[in-house]
Amino acid sequence: HWGLYAIPAGTWNGKQVPGIGEWIMNKGKIPVADYQKLPAQFNPVKFNAEQWVKMAKDAGVKYIVITSKHHDGFAMFKSDASSYNIVDATPFKRDVVAEMAGACKKYGIKFGLYYSQAQDWGHPGGAANGGNWDSAQNGNMDKYLDEIAVPQVKEILTKYGPIAVLWWDAPTGMTKERAAKFKPLLQLQPALITNNRLGGGEPGDLETPEQYIPATGISGKYWESCMTMNNTWGFKSYDTSWKSSETLIRNLIDIASKGGNYLLNVGPTAEGLIPQASVERLKAMGEWLHKNGEAIYGTTASPFAYLNWGRCTQKGNKLFLHIFKWPSTGKLKIPLNNEIEKA
């Protein structure tokens, strides 16, 4: 999650604004004209797409999703549909999405894009969850979709090579008719995976539990848990409640044991750096996966409903036992009738 919200980093006019970092415009009810002064200050000269992607690869990451446009309406790519974008409106003048796409291609990482299709606090007519707080947001939602959102989705699906994932978000105001405006564009990327947040009753390809791991997975569905390393998605300077590396690794195991994927967030700074706490945790996860990746990648869910000492993943007729807590007896009990060939 990267955008203009990394500049205030949770503080506006000297006051800490409650809530997640990328929602500061909404939570602080910041007027459009005031928020739109931020691009002039956005010059993330320390951003290096190759470093980011290399770090992700070393961490064992297989795919990356970046916010091409979040709810604040600011595009992190060059857009002909609106000049409110990183190339036209900032001193930085570089297309972040293009650079990330190139780096992902170089390092063999699948590239995905998040796009807020309905909720847009920076353009007239974009749905504003919780009601508009500025008359500059008033407008016709269909006109907004036709002139901004649909053309921008076409841009991101045609300008950056193969896109593996299109991650919709917050379908406020979306109807079946409005969702239909986007449907034909999905043919532009035949291998595209979409999530379940377009709206209008469109199921997409996968479920998106946010900030939790479903107790028993999601039966009959593909799913990924999207989760933060601290409490916020967009960078917030004073959110220091980082989950430990052990917790993150156990989350990964827990999710894999239930048949899901882990979409784990980083919130880069306004300078274009991934916070050091995130860097350290990704490194630890990578070291663990380097040794134990066979027990995660390409595995299926555990055949067991419950194990009191940990989790299990499966690959063919091989079980991987992930031990969180050794039983005091020193014996692992597995509810299995099969004859065990080898352990």
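In the block above lies the structure referred to throughout.
Not measured: the values here are computed from a predicted model. (Residues numbered from 1 in each chain as written. Predicted model: local features only at pLDDT ≥ 70, side-chain atom pairs only at ≥ 80, totals over all residues. Heavy atoms only, no water.)

**Observations regarding the packing of aromatic side chains**
Within the structure shown, the criterion is met by 11 aromatic pairs. Between Phe 42 and Phe 74, the aromatic rings sit 6.5 Å apart at their centres with planes inclined by 80°, giving edge-to-face as the arrangement. Here Phe 74 lies in the loop between strand 3 (63-69) and helix 4 (86-89) and Phe 42 lies in the loop between helix 2 (32-35) and helix 3 (49-58), a separation of 32 residues in the sequence. Just as Phe 42 is buried, Phe 74 falls in that class too. Considering the side-chain rings of Trp 168 and Phe 182, the 5.3 Å spacing of their centres and the 65° angle between planes classify their relative orientation as edge-to-face. Highlighted residues: Trp 168 in strand 5 (residues 165-168) and Phe 182 in the loop between helix 7 (176-180) and strand 6 (193-194), separated in sequence by 14 residues. Here the aromatic residues Trp 2, Phe 42, Phe 47, Trp 52, Phe 74 and Tyr 84 are joined through ring pairs into a cluster of three or more. Looking at Lys 62, its charged tip hangs above the ring of Tyr 297, at a distance of 4.4 Å from the centre. (Phe/Tyr/Trp six-rings, centres within 6.5 Å; stacked < 30°, edge-to-face > 60°. Helix = DSSP H or I, 4+ residues; strand = E, 2+ residues; numbered from the N terminus. Buried < 20%, exposed > 50% of the residue type's maximum accessible area, 1.4 Å probe, protein only. Lys NZ or Arg CZ within 6 Å of the ring centre and 35° of its normal.)

**Details of the nonpolar core**
Counting 84 residues, the largest nonpolar core has Tyr 35, Val 96, Met 100, Phe 111, Leu 157, Leu 166 and Phe 182 as its most contacted members. If we skip the residues at most four places from it in the chain, Phe 111 touches Ile 64, Ile 66, Val 97, Met 100, Ala 101, Cys 104, Pro 162, Ile 163, Ala 164 and Val 165. Counting 7 residues, the second-largest nonpolar core is a separate cluster that includes Ala 164, Val 165, Cys 226 and Leu 263. (Core = buried A, V, L, I, M, F, W, Y, C linked by side-chain atoms within 4.5 Å. Contact = heavy atoms within 4.5 Å.)

**Here we look at the side chain of Thr 208**
Within the secondary structure, Thr 208 is located in the loop between strand 7 (206-207) and strand 8 (222-227). The exposure class assigned to Thr 208 is buried, which follows from its relative accessible area of 10%. Here Asn 196 takes part through its side chain, which lies 2.8 Å from a polar atom of the side chain of Thr 208. Apart from the residues lying within four places of it in its own chain, the contact partners of Thr 208 are Trp 167, Asn 195, Asn 196, Arg 197, Glu 224 and Cys 226. (Polar contact = N/O pair within 3.5 Å; in protein donor to acceptor, adjacent residues only side chain to side chain.)

**Focus: the layout of surface pockets**
In this structure, the second largest pocket occupies an estimated 690 Å³ of space. Every residue lining the second largest pocket is counted, 16 residues in all, and those nearest its centre are Asn 317, Lys 318, Leu 319, Ile 340 and Lys 342. Among the elements that line the lining of the second largest pocket, the one with the most residues is strand 11 (residues 318-323), at 4 residues. Across the lining of the second largest pocket, the residue classes break down as 8 nonpolar, 4 polar and 4 charged. (1 Å grid on protein atoms, 1.4 Å probe; cavity = no way out; pocket = protein on both sides within 12 Å on 5 of 7 lines; lining within 4 Å. Points joined across faces, edges and corners; volume = space filled by probe spheres on them. Nonpolar A, V, L, I, M, F, W, Y, C, P; charged D, E, K, R; others polar.)

**Things to note about the pattern of salt bridges**
Side chains that carry opposite charge are capable of pairing whenever their charged atoms lie near each other. Counted according to the given criterion, the structure contains 21 salt bridges. The salt bridge partner of Asp 34 is Lys 37, with a shortest N-O separation of 3.7 Å. For Lys 37, a relative accessible area of 53% gives the class exposed. In this structure, the salt-bridge partner of Asp 80 is Lys 78, at a minimum N-O distance of 3.5 Å. Residue classification places Lys 78 among the partly exposed residues on the basis of a relative accessible area of 27%. One salt-bridge network, held together by shared partners, links Asp 142, Asp 146, Arg 178 and Lys 181. (Salt bridge = Lys/Arg side-chain N within 4 Å of Asp/Glu carboxyl O.)

Geometric descriptors of this kind do not, in isolation, establish any biological role.
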